[in-house]
Amino acid sequence: MSCFIVPLAQAVATTLSRKMSEKNNKNSQNVWIQQLPKLELMLWGGAAMLIVDHILSGEVSWQYPFFTALTEAGGVQIMLKEMLTVGVPMSLIVTALWAGYVVMKRRLA
């Protein structure tokens, strides 16, 4: 129910990082910096799909407290556990796939 928070936070951090690096290194030849928009797209798209999925399945609502787990006792622990056991691995896998993409692109160039 809250697994999308981790990739969403990573997407925000990646976007801010890219914008700062673009401001500081206008003509950077670093392939990792050049490929940050791809990682952003993967993270923002994945987070958006997860949010829609959780809304459709009723795990997230439009009313406070937004997460249905928070309506029951111990809901915060349930959310934190899901963020650590599902959200973090998802973000790591997406980042690893992106890193593999960048390595392959460098080798083929």
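Keep in mind that this is a model prediction, so the values were computed, not measured.

Visitor: Tell me about the overall build of the chain, and please be specific about residues and values.
Guide: Counting its regular elements, the chain contains four helices and zero strands. When the elements of the chain are put in sequence order from the N terminus, they spell out α-α-α-α. A globule of 109 residues ought to have a C-alpha radius of gyration of about 13 Å, yet the chain, at 17 Å, is considerably larger. Projected onto its principal axes, the C-alpha coordinates of the chain cover approximately 50 × 25 × 25 Å.

Visitor: So, the packing of helix 1 (residues 5-24) against helix 3 (residues 36-56): which residues are in play, and what are the values?
Guide: Remark: helix 1 packs on helix 3, axes separated minimally by 9 Å, with the N-to-C direction vectors making an angle of 150°. When the axes of helix 1 and helix 3 are compared, the pair comes out roughly antiparallel. Considering only the axes of helix 1 and helix 3, their crossing is left-handed. Note on element contacts: helix 3 touches helix 1 through Leu 36, Pro 37, Leu 39, Glu 40, Leu 43, Trp 44, Ala 47, Leu 50 and Ile 51, opposite Pro 7, Leu 8, Gln 10, Ala 11, Val 12, Thr 14, Thr 15, Ser 17 and Arg 18. The residue makeup of the contact of helix 1 with helix 3, split by class, is twelve nonpolar, four polar and two charged.

Visitor: A description of the nonpolar core should follow, citing residues and the corresponding values.
Guide: Most often, soluble globular proteins keep nonpolar side chains buried together rather than apart. Judged by nonpolar contacts, Met 1, Cys 3, Phe 4, Leu 50, Val 60, Phe 67, Ala 69 and Met 79 together constitute the single largest core of eight residues. Beyond its immediate stretch of four places on either side in the chain, Ala 69 contacts Met 1, Gly 75 and Met 79. Counting seven residues, the second-largest nonpolar core is a separate cluster that includes Val 31, Leu 36, Leu 43 and Val 102.

Visitor: Now, about the packing of aromatic side chains: what can you tell me, with residues and values included?
Guide: With the rule as written, the count across this model stands at three aromatic pairs. Ring geometry for Trp 32 and Trp 98: centres 5.5 Å apart, planes at 70°, overall edge-to-face. Taken as a pair, Trp 32 in helix 2 (residues 31-34) and Trp 98 in helix 4 (residues 75-108) lie far apart in primary sequence, 66 residues in all. Relative to Phe 66, the ring of Tyr 64 has its centre 6.0 Å away and its plane inclined at 85°; by these criteria the two rings are edge-to-face. The exposure class assigned to Tyr 64 is exposed, which follows from its relative accessible area of 71%. Taking the relative accessible area as the measure of exposure, Phe 66 reaches 41% and is therefore partly exposed.

Cut-off values and rules
Residues numbered from 1 in each chain as written. Predicted model: local features only at pLDDT ≥ 70, side-chain atom pairs only at ≥ 80, totals over all residues. Heavy atoms only, no water. Helix = DSSP H or I, 4+ residues; strand = E, 2+ residues; numbered from the N terminus. Rg over C-alpha atoms; globule rule 2.2 N^0.38 Å. Axes fitted to C-alpha atoms, helices over the stretch in contact; angles between N-to-C directions. Parallel < 35°, antiparallel > 145°, perpendicular 65-115°, else oblique. Left-handed = near helix turned anticlockwise from the far one by under 90°. Contact = heavy atoms within 4.5 Å. Nonpolar A, V, L, I, M, F, W, Y, C, P; charged D, E, K, R; others polar. Core = buried A, V, L, I, M, F, W, Y, C linked by side-chain atoms within 4.5 Å. Buried < 20%, exposed > 50% of the residue type's maximum accessible area, 1.4 Å probe, protein only. Phe/Tyr/Trp six-rings, centres within 6.5 Å; stacked < 30°, edge-to-face > 60°.

This is a description of form; function is not addressed.
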